[in-house]
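# Architecture at a glance
Single-letter residue listing:
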Protein chains: 4
Amino acid sequence: MQALLDELVEKHREKGQDGKLADYIPQLGEQNPLALGVTVHTVEGEEFSAGDCPVAFTLQSISKVFTLILALMDHDEEAVFDRVGMEPSGDPFNSIYKLEVDSPGKPLNPMINAGALVVSSLIRGRTVDDRLQRVLSLVRNMADNQEIDIDSAVYHSERATGYRNRAMAHFLKEYGIIDDVESTLELYFQQCAIAVTCDDLAQMGLCLARLGVNASGESVVPRELARLVKTFMITTGMYNASGEFAIYAGIPAKSGVSGGIMASVPEKMGIGVFGPALDEKGNSIAGGALLKELSQTLDLSIF
Amino acid sequence: MQALLDELVEKHREKGQDGKLADYIPQLGEQNPLALGVTVHTVEGEEFSAGDCPVAFTLQSISKVFTLILALMDHDEEAVFDRVGMEPSGDPFNSIYKLEVDSPGKPLNPMINAGALVVSSLIRGRTVDDRLQRVLSLVRNMADNQEIDIDSAVYHSERATGYRNRAMAHFLKEYGIIDDVESTLELYFQQCAIAVTCDDLAQMGLCLARLGVNASGESVVPRELARLVKTFMITTGMYNASGEFAIYAGIPAKSGVSGGIMASVPEKMGIGVFGPALDEKGNSIAGGALLKELSQTLDLSIF
Amino acid sequence: MQALLDELVEKHREKGQDGKLADYIPQLGEQNPLALGVTVHTVEGEEFSAGDCPVAFTLQSISKVFTLILALMDHDEEAVFDRVGMEPSGDPFNSIYKLEVDSPGKPLNPMINAGALVVSSLIRGRTVDDRLQRVLSLVRNMADNQEIDIDSAVYHSERATGYRNRAMAHFLKEYGIIDDVESTLELYFQQCAIAVTCDDLAQMGLCLARLGVNASGESVVPRELARLVKTFMITTGMYNASGEFAIYAGIPAKSGVSGGIMASVPEKMGIGVFGPALDEKGNSIAGGALLKELSQTLDLSIF
Amino acid sequence: MQALLDELVEKHREKGQDGKLADYIPQLGEQNPLALGVTVHTVEGEEFSAGDCPVAFTLQSISKVFTLILALMDHDEEAVFDRVGMEPSGDPFNSIYKLEVDSPGKPLNPMINAGALVVSSLIRGRTVDDRLQRVLSLVRNMADNQEIDIDSAVYHSERATGYRNRAMAHFLKEYGIIDDVESTLELYFQQCAIAVTCDDLAQMGLCLARLGVNASGESVVPRELARLVKTFMITTGMYNASGEFAIYAGIPAKSGVSGGIMASVPEKMGIGVFGPALDEKGNSIAGGALLKELSQTLDLSIF
């Protein structure tokens, strides 16, 4: 495995040249486009790393998995899926369009931004900070790493430039899908700015692969929810390249525009990948290619 | 297992009252809405049936799985996926809309009608009948049943009323995605009218579950393609309820408006279901519910 | 003429029962649905009124005509129409959809809300209040009534509930179409809350009919702009019933959800109508019917 | 006037270099892109021509005006506007999209292809040829030229390549908006292939300008319908550049992809223009520019 990971990192690292850094906030645009790292944690307790793994990066859209888990711990499924759908969209990650054509205001699924805003609005807590602490606590428990925290520079940049998310939040308010625009946005910008490493992502992927049990053996996510989010990861986890990724990699994965990907192979392993240069769909260009080859080589497909 | 199937048939049969028979052709509208049958074939060679299993019905959209396999045996993946996408759509099965907004004329995936027409146009053969015989041959081999054939009354009805499919075929021709409108439609109407039973569907589902090996032990579908179509079955197999079905059943399945569903549990079993009353998304209302409970009871989810 | 107006008011007043008051802010919902008034000012200097004319109401969307004039006085046409299109939309007045499908972020025309926000953002002035005073000044000059002012209760209500407009403004900011979200919204909510009477609307319609010359004989709108806005009034002035209104009335008109309509018959007359009960497209149900019959009776169609 | 027309032809002729000939059928692609002609017939009986006026070309979309008149002579307005809307679309002339999102299957207006197909299906006659003769008869009467006839090479080419129109006709059949697909298409392809000259277009424009009275003094179009079609010409006559043309020319006009434009200035004149090189919206690039300048110079705007 170690040799394989080393080889894959070297093989795919250069693909970063064909990708593009996210540049809507300065912190993302300053990354090294050739950075590439991967960490694997197996159910047998083995751990392998190759490439640029110590680098920290922010969760961005990967956070949508964790807030969905928390919202479903806070409410029954009906209450959540009354406000956000379950269907893949075939639209770009930041599309506002589907809000209007389908049942008025109901986002198609929790992995598009509009849906993730709805999910964030459902997380319980007295204040925004209480709610953030609950998200952080879930993330820390899944990763078995109590050091995980917000990257506050990224948070402030997101907050200052998030016009599209502000637009969507007001739109959702107009339709009565969310209650409070400002606190929802605040939590959303913060959850996106949670900083992690490949190791953290691999641990969290493993936790989902073990149906909610983390590295310390604690059950931190209900078994049913560990399954449910892996389903969304397969159908909608890689923006509008999810279908293609499901075909060529065949494993549940969720990406973020920071270049991170968290993958979870049921009953086998968790994988964390980082490669900040993105393809045109918004997924790590080198990281996605590495994961596809890793899955094919190790026959990891769930199909 | 037998007791479980008997119980599930009795429990879910009445849901047919809340559904609606497809009525665009007379043959579908004349079914008994309370009919419900299920057959399971396991990798261990066991077979179980409950309810109305001897009833024959037509494949309809389930045929899209088989033509996709054949098109990918006839052409390399690039040639096929240049003309039809891989992404789930979140749109109704009969939407023409996505043809125009995305890259001009390219249907989003092979499981929507427009995409299935493209796929049918790619199947090799000198005449329409040659091509149909190749589809029939694949279906017969997968089901290990050489008796399978066209229901010619259904075929003629489809042909007489298929205005929407005719519209889409002309649209695809306009964009240069297909070559010959009439032969494509002819093959498409015929493939939809292939008549099968729950037993056939279960055998075909098992063949996919065994990565292409049928009940007689022959490898009739390439291993990679057996995987690929199960991926499409998860992301797009149940029309625009695919996401919901993936969450609550967690197994690859493909439905048709005749009320049939073919499900395939990797390395475990194939399942054939028939219940002609449909829910508003076009899936068997009782059959879908039965499958969800069967999967949950036996813990069949691939996630 | 007086007899005709009296007759038309009595004939159409009851249609208010089939309409619906706008109810997104309390001030609009409290109107008398059977109120109906009409005032006509002719180029010959005659003036006729019938029904409930002393009632004051707010301009709402009618204000879009005046801000467009002002933006085109402040910038050359290219600068304005680079940011907002000229084409009718066939979509409801409050649609956000067209923002995304056409050239990114550019609203189709200045009479839909998104386009009107762009227009408001282009009005010159050091502060929001400066800019508002310039709008008020134009409106007062066109109506030849220096008493016209903001209804501040309506303004505050609009401001408190305008989530959809906030959504659109953030969306426009995301695309770089407008610069400052808050000042744009502030001006927009204020311009919508300018209070007028049927008499004012008739004077303003007359001013446009006389190619920019008001009742005192002053030229307050450039001749070309008086023409240009009448064109928009024909193609897009009555929301997505503009086509129908053009066919049956044949005169440039602009309506607002307060129930006001300003009509301008080139070289002949200005007409102000008020009837707060709206049809499903958002136009005064009784007012629209009255205008159609008035136009047909007097043969006012420009076609 | 003669000098003005001569000057405008010379001034705008070269714009043809920046345009593109329609090339979906060979006959249109073989035109001279620098051809430009204009003919004016005034209500006073004067006639002026400049440039390439003897050239014959086909009506294409201009025919939609005449079939709409005939359908409204054959049926009352409600029967027609139940099946096709009155609203401008803001979409390209060949969009199929609006069919699905609005009320199912009802095209937005009679000037888009889908709407024109509906209109053609409503024209009375025992056979397709009877119906065509009635269209020809109206066109000949309006132009006061009994020689007008079909260009049968163009008709056969249209028929052989009209996949998009076939697609739309089948779609309309699916929704029950039209009855017979083949006869509707047949008539449609034929009406598009009616061959005329600038002189014919100017005569027909004059007939509409005189509220239905042709050059011989006969009333060949009901007064109300002459008005109604001019309204559609303003709101939707120049494809999705109609809004812009209304602003800069301000006169009712209808264009076709052959490069013809028929304009009608109420109570003043009819204008026929021909310039086969098209802009990106599908209108004659030189012809449109010539008409705008002609209207501005002579102050022809109806606004």
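Note that the structure is a prediction, hence the values are computed from the model and not measured. (Residues numbered from 1 in each chain as written. Chains lettered and ligands numbered in written order. Predicted model: local features only at pLDDT ≥ 70, side-chain atom pairs only at ≥ 80, totals over all residues. Heavy atoms only, no water.)

### Remarks on the overall build of chain A
The criterion, for reference: Helix numbering and strand numbering both begin at the N terminus, where a helix is a DSSP run of H or I of at least 4 residues and a strand a DSSP run of E of at least 2. The size measure is the radius of gyration over C-alpha atoms, and the globule rule it meets is 2.2 Å times the number of residues to the 0.38 power. Only protein chains enter the area calculation, which uses a 1.4 Å probe; residues under 20% of their type maximum are buried, those over 50% are exposed, and those in between are partly exposed. When checking whether two residues touch, look at their non-hydrogen atoms; a contact exists if any pair is within 4.5 Å. We get accessible surface area from the Shrake-Rupley algorithm with a probe of 1.4 Å; when it comes to residues, only the shown protein chains can shield them. By the counting scheme adopted, Arg and Lys are positive, Glu and Asp are negative, and His together with the chain ends is not counted. To locate a charge, take NZ of a lysine, CZ of an arginine, CG of an aspartate or CD of a glutamate.
Looking only at helices and strands, chain A features 14 helices and eight strands. Taking 2.2 N^0.38 as the reference for a compact globule, 303 residues should give roughly 19 Å; the C-alpha atoms of chain A span a radius of gyration of 18 Å, in line with that estimate. Projected onto its principal axes, the C-alpha positions of chain A cover 55 × 40 × 35 Å. When burial is assessed residue by residue, chain A has 65% of its 303 residues classed as buried. Sequence-distant contacts, at least 24 apart, represent 68% of the contacts inside chain A between residues at least 6 apart. Just so you have it, chain A exposes about 9,900 Å², and 45% of that area is on carbon and sulfur atoms. Charge separation in chain A, taken as the distance between the mean sites of 25 positive and 42 negative side-chain charges, equals 4 Å.

### Things to note about the relation of the copies chain D and chain C
Note: a rotation about an axis with an accompanying shift along it relates these two copies of the chain. Put simply, the rule reads: All copies are superposed by least squares; the fitting set is the C-alpha atoms of residues with a pLDDT of at least 70 in both.
Superposition record for chain D on chain C: RMSD 0.0 Å, screw rotation 180°, translation along axis 0.0 Å. Taken together, the rotation and translation relating the two chain copies correspond to the operation of a two-fold axis. The residues that chain D uses at the interface reappear at the interface of chain C in 100% of cases, marking a shared surface.

### A look at the environment of Val 181 of chain C
Residue and element names in this part refer to chain C. With respect to the element layout, Val 181 can be found in helix α10 (residues 181-192). Among the residues examined, Val 181 registers a relative accessible area of 7% and is labelled buried. In this structure the C-alpha to C-alpha distance between Val 181 and Ala 167, which are 14 residues apart in sequence, comes to 9.9 Å. With sequence-adjacent residues up to four places away left out, Val 181 is seen in contact with Ala 169, His 170 and Lys 173.

### Some details on the sheet that holds strand β8 (residues 269-274) of chain C
All names here are of chain C. Stated formally: Two strands are counted as paired when DSSP detects at least two bridges linking them. Axis definition: a line fit to C-alpha positions, over the contact stretch in the case of helices; interaxial angles, taken between N-to-C directions, run 0 to 180 degrees.
Here five strands make up an open sheet; going across it, the order is β2-β1-β8-β7-β6 and the pairing antiparallel. Each end of this open sheet is capped by a strand with a single partner; those strands are β2 (47-51) and β6 (253-255). Strand-to-strand twist in this sheet, taken as the mean axis angle between neighbours without regard to direction, amounts to 10°. Sheet topology places β6 next to strand β7 (residues 260-265); three bridges connect them, and they run antiparallel. Paired with Ser 255 across the bridge in β7 is Ile 261. Packing of helix α14 (residues 285-298) onto the sheet brings it into contact with β1 (37-42), β7 and β8, and relative to β8 it is tilted by some 150°.

### Some words on the packing of aromatic side chains
Residues and elements named next belong to chain B. The condition is simple: Aromatic rings from Phe, Tyr and Trp, with only the six-membered ring used for Trp, were paired whenever their centres fell within 6.5 Å, and each pair was classed as stacked if the ring planes differed by under 30 degrees, edge-to-face if by over 60, and tilted otherwise. Our definition puts a charge over a ring when NZ of Lys or CZ of Arg is within 6 Å of the ring centre and also within 35 degrees of the ring normal.
Under the criterion given, the structure shown has 16 aromatic pairs over all chains. Note on Phe 171 and Tyr 175: the rings are 5.4 Å apart at their centroids and 85° apart in plane angle, and the pair reads as edge-to-face. A cation over an aromatic ring shows up here: Lys 254 above the ring of Tyr 239, its NZ or CZ 4.5 Å from the ring centre.

### Some words on the interface of chain D and chain C
Formally: By buried area we mean how much accessible surface two parts lose on assembly, using a 1.4 Å probe and totalling the loss over both. When a carboxyl oxygen of Asp or Glu is within 4 Å of a side-chain nitrogen of Lys or Arg, the pair counts as a salt bridge. Any N or O atom pair separated by 3.5 Å or less is treated as a polar contact, with the protein-specific requirement of one donor-capable and one acceptor-capable atom, and with residues adjacent in sequence counted only for side-chain atom pairs. Three classes are used: nonpolar for Ala, Val, Leu, Ile, Met, Phe, Trp, Tyr, Cys and Pro, charged for Asp, Glu, Lys and Arg, and polar for all others, with Gly counted as polar.
Taken residue by residue, the interface counts 33 residues in chain D and 33 residues in chain C. Taken together, the two surfaces of chain D and chain C that pack against each other cover about 2,700 Å², and 58% of this comes from carbon and sulfur. The tally of links between chain D and chain C comes to four salt bridges. Notably, a salt bridge pairs Arg 223 of chain C with Asp 299 of chain D, separated by 3.4 Å at the nearest N-O pair. Linking chain D with chain C are 16 residue pairs in polar contact (both at pLDDT 80 or more). Here the residues of the side of chain D that touches chain C sort into 16 nonpolar, eight polar and nine charged.

### Remarks on the sheet that holds strand β4 (residues 149-150) of chain A
Spatial ordering of the open sheet is given by β3-β5-β4 (chain A), a layout of three strands whose pairing is antiparallel. This sheet does not close on itself; its edge strands, each paired only once, are β3 (57-58) and β4 of chain A.

### A short note on the UniProt feature "binding site: substrate" (unreviewed entry) in chain A
All names here are of chain A. Quick reminder of the rule: UniProt positions are given in the numbering used here, feature names are shortened, and annotations may be inferred rather than shown by experiment.
With numbering aligned to this structure, UniProt lists the feature "binding site: substrate" (unreviewed entry) at Ser 61, Asn 113, Glu 158, Asn 165, Tyr 188, Tyr 239 and Val 257. Mapped onto the elements, Asn 165 comes out in helix α9 (residues 163-174). Those residues in contact with Asn 165 that sit more than four places away from it in its chain are Asn 113, Leu 117, Leu 185, Tyr 188 and Phe 189. Mapped onto the fold, Tyr 239 is located in the loop between α12 (223-236) and α13 (242-248). Looking at Tyr 239, the relative accessible area reads 7%, which means it is buried.

### Topic: helix α7 (residues 128-143) of chain C
All names here are of chain C. Note the threshold: Expected helix span is computed as 1.5 Å times (number of residues minus one).
An ideal rise of 1.5 Å per residue puts 22 Å on 16 residues; α7 measures up with 22 Å between its terminal C-alpha atoms. Where α7 is buried, its residues meet α3 (63-74), α6 (113-121), β4 (149-150), α10, β5 (194-196) and α11 (198-209). Looking at the residues trailing α7, positive phi occurs at Asp 144, about 55°.

### What to know about unusual backbone geometry
All names here are of chain B. Despite not being glycine, Asp 144 has its phi angle at roughly 55°, a positive value. Checked against the element boundaries, Asp 144 lands in the loop between α7 (128-143) and β5 (149-150). The exposure class of Asp 144 is partly exposed, given its relative accessible area of 32%. Even without glycine at this site, Tyr 239 takes up a positive phi of about 50°.

### Some details on the side chain of Ser 63 of chain A
Of note, Ser 63 of chain A is situated in helix α3 (residues 63-74). Here Ser 63 of chain A falls in the buried class, since its relative accessible area comes to 1%.

### Overview of the domain arrangement of chain A
Residues and elements named next belong to chain A. What counts here: Source of the domain bounds: an automatic or database domain assignment.
Partitioning chain A into domains gives domain 1 (2-59 + 194-298) and domain 2 (61-192). Inter-centroid distance (C-alpha atoms) of domain 1 to domain 2 is 21 Å. Opposite the 36 residues of domain 1 that make contact, domain 2 presents 43 residues. Summed over both partners, the interface of domain 1 with domain 2 comes to about 3,300 Å²; 72% of that surface belongs to carbon and sulfur atoms. Contact with domain 2 buries area across many residues of domain 1, yet Leu 59, Ile 194 and Phe 232 alone supply 21% of it, more than any other trio. Our count for the domain 1 to domain 2 interface comes out at zero salt bridges.

### A few points about the pairing of strand β8 (residues 260-265) of chain B
Regular strands place their side chains on alternate faces of the sheet. Residues and elements named next belong to chain B. Summarising burial for β8: six of the six residues are buried, a large majority. Taking the residues that link successive antiparallel strands as the turn, the strand β7 (residues 253-255)-β8 hairpin has four residues, and the phi of Gly 259 there is positive, at about 105°. Turn length for the β8-strand β9 (residues 269-274) hairpin, with the two strands adjacent in sequence and antiparallel, is three residues, and the turn residue Glu 267 shows positive phi of about 65°.

### Concerning the environment of Thr 231 of chain D
Topologically, Thr 231 of chain D is positioned in helix α12 (residues 223-236). A relative accessible area of 2% means that Thr 231 of chain D is categorised as buried. For the pair Thr 231 of chain D and Leu 34 of chain D, spaced 197 residues apart in the sequence, the C-alpha separation amounts to 31 Å. Leaving out residues up to four positions away in the same chain, Thr 231 of chain D has contacts with Ala 246, Ile 247 and Phe 303 of chain C.

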